[in-house]
Amino acid sequence: MGRLEEMLVRNGLIYCGPNGERSYIEGSLVSNSLVVRNSSGWVTHRVERASNGVDLVVRNTSTGMVEMRISASAIF
């Protein structure tokens, strides 16, 4: 598991269930960003560049609100 995925699990954005169901992160060709999908395959969040061009933001796809900001120093 990568550092970004560990951070999303720690903050509850990626779910790991006891019976093997889990959310996962994958690349999106359409929006040029990473997406978080739930165990049913629905996109729940997008991981995009922040306005400063360096950091990342995690945006809820249903509300459009930024739920988390990740500094570049925390990933690399």
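Let me begin by describing the structure that accompanies this report. (Residues numbered from 1 in each chain as written. Predicted model: local features only at pLDDT ≥ 70, side-chain atom pairs only at ≥ 80, totals over all residues. Heavy atoms only, no water.)

**Overview of the overall build of the protein chain**
The cut-off we apply is this: Helical segments are the DSSP runs of H or I of at least four residues, strand segments are the runs of E of at least two, and each set is numbered from the N terminus. Think of it in three bands: residues with accessible area under 20% of the maximum for their type are buried, residues over 50% are exposed, and the middle band is partly exposed, with areas taken using a 1.4 Å probe on protein chains only. Any pair of residues with heavy atoms lying within 4.5 Å of one another is described as a contacting pair. Per-residue accessibility takes into account occlusion by the displayed protein chains alone, with areas from the Shrake-Rupley method and a 1.4 Å probe.
Scanning the protein chain from terminus to terminus reveals 2 helices and 5 strands. In the protein chain, buried positions account for 32% of the 76 residues. Of all intrachain contacts in the protein chain linking residues separated by at least 6 positions in sequence, the fraction that spans at least 24 positions is 17%. Working note: accessible area of the protein chain is about 5,000 Å², and carbon and sulfur atoms make up 52% of it.

**Topic: the pairing of strand 2 (residues 33–37)**
Operational definition: For two strands to pair, DSSP has to find at least two bridges joining them.
As defined by bridge partners, strand 2 adjoins strand 3 (residues 43–49) across 4 bridges and the pair is classed as antiparallel. Across the sheet, Val36 pairs through a bridge with His45, a residue of strand 3. Where strand 2 folds back onto strand 3 in an antiparallel hairpin, the turn is made up of 5 residues, including Gly41, whose phi is positive at roughly 95°.

**Some remarks on the pairing of strand 4 (residues 56–60)**
Of all 5 residues that make up strand 4, 4 are buried, and the element is covered over most of its length. Direction of pairing for strand 3 relative to strand 4: antiparallel, over a ladder of 5 bridges. Counterpart to His45 in the pairing with strand 4 is Asn60. Where strand 3 folds back on strand 4, the antiparallel hairpin that results is connected by 6 residues, among which Gly53 adopts a positive phi of roughly 80°. Relative to strand 5 (residues 66–70), strand 4 runs antiparallel, the two being bridged by 4 bridges. Residue pairing across strands places Val58 opposite Met68, the latter belonging to strand 5. Connecting strand 4 to the antiparallel partner strand 5 that follows it, the hairpin turn spans 5 residues, and Gly64 within it adopts a positive phi of roughly 80°.

Purely geometric stuff here, so don't read any function into it on its own.
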